[in-house]
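# Tertiary structure, described
What follows is the residue order along each chain.
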Amino acid sequence: MTAGLHAVVDGPPEGPVLVLGSSLGTTGAMWQPQVPALAARLRVIRYDHLGHGGSPVPPGPYTIDLLGRKVLRLLDDLGVGRVHYAGLSLGGMVGMWLAAHAPERIDRLALLCTSASLGPADGWRARAATVRAGRLDTIADTIVERWFTPGFAAAHPETVAAYRDLLTAVPTAGYAACCEAIAGMDLRADLAAVRAPTLVIGAADDLATPPVHAAAIAERIPSARLAVLDGAAHLANVEQPEAVTRLLTAHFDPEGTASR
Ligand SMILES: O=C(O)CC1=CCC(=O)O1
């Protein structure tokens, strides 16, 4: 049996719990721009996906089902029942799976820059093979180019470099196995089963999971609301931190938002 997922916990121990799921090739550190505001009143749990950061790296391929079950196991280990969940990209895919397959555990949901089906599968398998062959570094610039708009990248080269470092630090076996999870994913039929009030956030300049994917998710989830941010690419929470923080605090902590 594999050990549990690595997680960092911030905020008041008795507060309502918000779980944050990160994107492929990053860790819970990608949520740092939002943590101070969210953790003022919520108990924020940032976990690393299987194969990423401080989490174990069992042999792949993985599936979204496996990644989701690992999150449920983490919640069990932490003694947490029902939670709010926000996930970006791969983290959002896990969030859709959780809300559809464990609806009793998910109270409110936010899905950022993500997709319910992200083909072509062959492209993801090819990326997995490249990374397994030890060549993540050769494709890292191309991957990170789609995380930020050109204007943001030019103005903040140190941020781009820090996220490239985060990507290249991910264990190659874990990164490849998560690419294979995305290759095998199709959550579209699950979305009608989501009962959690859901905020779907897309970014106008996101080429990795374009806003049309966000709109397709919002159309299929019965109680979803869609917001599309201008001036952001895939890592919209990094590029538009205040706008994303505002949307998330209003969705997960409306009373706190009103009293600010
Ligand atoms: O890093 C990418 O290529 C974009 C992406 C797709 C799923 C995810 O988590 O990131």
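Residues numbered from 1 in each chain as written. Predicted model: local features only at pLDDT ≥ 70, side-chain atom pairs only at ≥ 80, totals over all residues. Heavy atoms only, no water.

## Considerations on the overall build of the protein
Looking only at helices and strands, the protein has twelve helices and seven strands in total. Scaling as 2.2 N^0.38, a compact globule of 260 residues should have a C-alpha radius of gyration of about 18 Å, and the protein matches this with 17 Å. A principal-axis box enclosing the C-alpha atoms of the protein has dimensions of 50 × 45 × 35 Å. The burial tally for the protein puts 55% of its 260 residues in the buried class. (Helix = DSSP H or I, 4+ residues; strand = E, 2+ residues; numbered from the N terminus. Rg over C-alpha atoms; globule rule 2.2 N^0.38 Å. Buried < 20%, exposed > 50% of the residue type's maximum accessible area, 1.4 Å probe, protein only.)

## Notes on the confidence of the model for the protein
Counting all residues, the mean pLDDT for the protein is 97, and 98% of those residues have values of 70 or more. Per-element confidence in the protein is highest for strand β4 (residues 83-88), whose mean pLDDT is 99, and lowest for helix α12 (residues 254-259), whose mean pLDDT is 74. This complex was scored by the predictor with a pTM of 0.97 and an ipTM of 0.96. (pLDDT = per-residue confidence, 0-100.)

## A look at the UniProt feature "domain: AB hydrolase-1" (unreviewed entry) in the protein
Mapped onto this numbering, the UniProt entry annotates "domain: AB hydrolase-1" (unreviewed entry) at residues 16-240. Across residues 16-240, helical content stands at 44% and strand content at 16%; the span's end C-alpha atoms are separated by 25 Å. (UniProt positions renumbered as here; feature names shortened; annotations may be inferred.)

## As for the pairing of strand β3 (residues 43-47)
Along a regular strand, successive side chains alternate from one face of the sheet to the other. In terms of residue burial, β3 counts as a mostly covered element, since five of its five residues are buried. Taking every second residue as pointing to the same face, both faces of β3 are buried, with Arg43, Ile45 and Tyr47 on one and Val44 and Arg46 on the other. Pairing analysis gives four bridges linking strand β1 (residues 7-10) to β3, with the strands arranged antiparallel. Residue pairing across strands places Asp10 opposite Val44, the latter belonging to β3. Relative to β3, strand β2 (residues 17-21) runs parallel, the two sharing five bridges. Paired with Val19 across the bridge in β3 is Ile45. (Pairing = 2+ DSSP bridges.)

## Quick look at the site of the ligand
Every residue lining the ligand is accounted for by Ser23, Leu24, Ser89, Leu90, Leu118, Trp124, Arg127, Ile143, Trp147, Ile182, Ala208 and His234. The contact in question runs from an oxygen atom of the ligand to an N or O atom on the side chain of Arg127, over 2.8 Å. Between the ligand and Trp147 there is a distance of 3.0 Å, counted from an oxygen atom to a side-chain nitrogen or oxygen. For the ligand, whose free accessible area comes to 290 Å², the fraction covered by protein is 98%. Looking at the shell around the ligand, its residues break down into eight nonpolar, three polar and one charged. (Near = heavy atom within 4 Å. Polar contact = N/O pair within 3.5 Å; in protein donor to acceptor, adjacent residues only side chain to side chain. Areas by Shrake-Rupley, 256 points an atom, 1.4 Å probe, with all protein chains shown as cover. Nonpolar A, V, L, I, M, F, W, Y, C, P; charged D, E, K, R; others polar.)

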